[in-house]
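# Residue-level structural notes
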Amino acid sequence: MYQPNDHFPILDLQKFQEGIIADRDLLFHELIGPREISEPHKHDFFILLLFQESVGTHTIDFDRFVLGANQLHLVFPGQVHQWQMADPTYALQLMISRHWFESLLPALRFPISYYFKHLVIDLSTANFQSLLTEFKAIADDLQDGEILWELIYARVKVITLLISKIVQDNFDDYEQYQANPIMAKFVQLIDEWYKNEKSVAFYAEKLNISANYLNVLSNRVLQKSASFLIQERVLLEAKRLLKISDKTIKAIVFDLGFYDNASFSKFFKSHTNMTPSQFKAQP
């Protein structure tokens, strides 16, 4: 589902593990005090950020979140992010390899597309303490002379299960995804085919249902039309390519499957009230 794209600045786990074993599947960091990622980029791994306190912002796929106390932030492989943190900031960060992340997907219990709606979670004191205990236990385990990776993996799995339980306890829209596997599959298919296939009929055929029923289901479950969901995914990729790739607009038009510059510009402006050039030039 998450495929690397050579046109983005992609940082893999090894960029952050100088001086330690090269095949490590997890890294732990304490984030203390001011720090900034001014240039948006994406990672080829999963990030869990547990904030005890912070002031600033964290932007994930062009949505800006205000930092605060007792927060959990999720950054999935392939998502674009940047942040600005000021004093006082104290957070714990887990960087989890794609290999481990993919093996942990069942423990998250809900489709990844659902978590995209809840990338930042405000935690109760009890939930924060539960996650903090596991994060700190992993930090301690990593200090052992002989690291028991099976134990660390088990702790990460506990964390992912805790996250799914926190989501279930705090948000009532998860039932839509549990009760509608067709929509979960539809969102997955969009992620696979959006560059080349933009018609509702294509996805309906893949799902063995009519285009009309797919639209009815999409509106009922997600309060968005099926065509809007497809366009939303295309728009996100367009923003990513315009903002952080070195591709020309002409190349982006071709990459996203548009007929010409005019059709792409019309599509982009209808959703953003900006031309692609104006969006690209924004700081």
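Structure report, in brief. (Residues numbered from 1 in each chain as written. Predicted model: local features only at pLDDT ≥ 70, side-chain atom pairs only at ≥ 80, totals over all residues. Heavy atoms only, no water.)

## What about the pairing of strand E6 (residues 71-75)?
- The element E6 is largely enclosed, with a buried count of five among its five residues.
- Here E6 shows no split at all, with Gln 71, His 73 and Val 75 on one side and Leu 72 and Leu 74 on the other all buried.
- Sheet analysis places strand E4 (residues 45-60) next to E6, joined by five bridges and oriented antiparallel. Note that in E6 the partner of Ile 47 across the bridge is Val 75. (Buried < 20%, exposed > 50% of the residue type's maximum accessible area, 1.4 Å probe, protein only. Helix = DSSP H or I, 4+ residues; strand = E, 2+ residues; numbered from the N terminus. Pairing = 2+ DSSP bridges.)

## Quick notes on the pairing of strand E7 (residues 80-97)
- Judged by how many residues are buried, E7 sits mostly within the fold: 13 of 18 residues are covered.
- Sheet topology note: the strand E2 (residues 26-32)/E7 ladder contains seven bridges and is antiparallel. Each bridged residue has a counterpart across the sheet, and for Glu 30 the counterpart in E7 is Leu 92.
- Note: strand E3 (residues 35-43) against E7, five bridges, orientation antiparallel. Within the sheet, the bridge partner assigned to Arg 35 lies in E7 and is Met 85.

## What about the packing of helix H3 (residues 125-141) against helix H4 (residues 149-170)?
- Packing of H3 against H4 leaves a shortest axis separation of 10 Å and a crossing angle of 165°. One finds that H3 runs roughly antiparallel with respect to H4. Crossing hand, H3 versus H4: left-handed. Packed against H3, whose contacting residues are Asn 127, Ser 130, Leu 131, Glu 134, Phe 135, Ala 137, Ile 138 and Asp 141, the element H4 presents Leu 151, Ile 152, Arg 155, Val 156, Val 158, Ile 159, Leu 162, Ile 166 and Asn 170 at the interface.
- When its residues are assigned to classes, the contact of H3 with H4 shows 11 nonpolar, three polar and three charged. (Axes fitted to C-alpha atoms, helices over the stretch in contact; angles between N-to-C directions. Parallel < 35°, antiparallel > 145°, perpendicular 65-115°, else oblique. Left-handed = near helix turned anticlockwise from the far one by under 90°. Contact = heavy atoms within 4.5 Å. Nonpolar A, V, L, I, M, F, W, Y, C, P; charged D, E, K, R; others polar.)

Shape is all these values report; function is a separate question.
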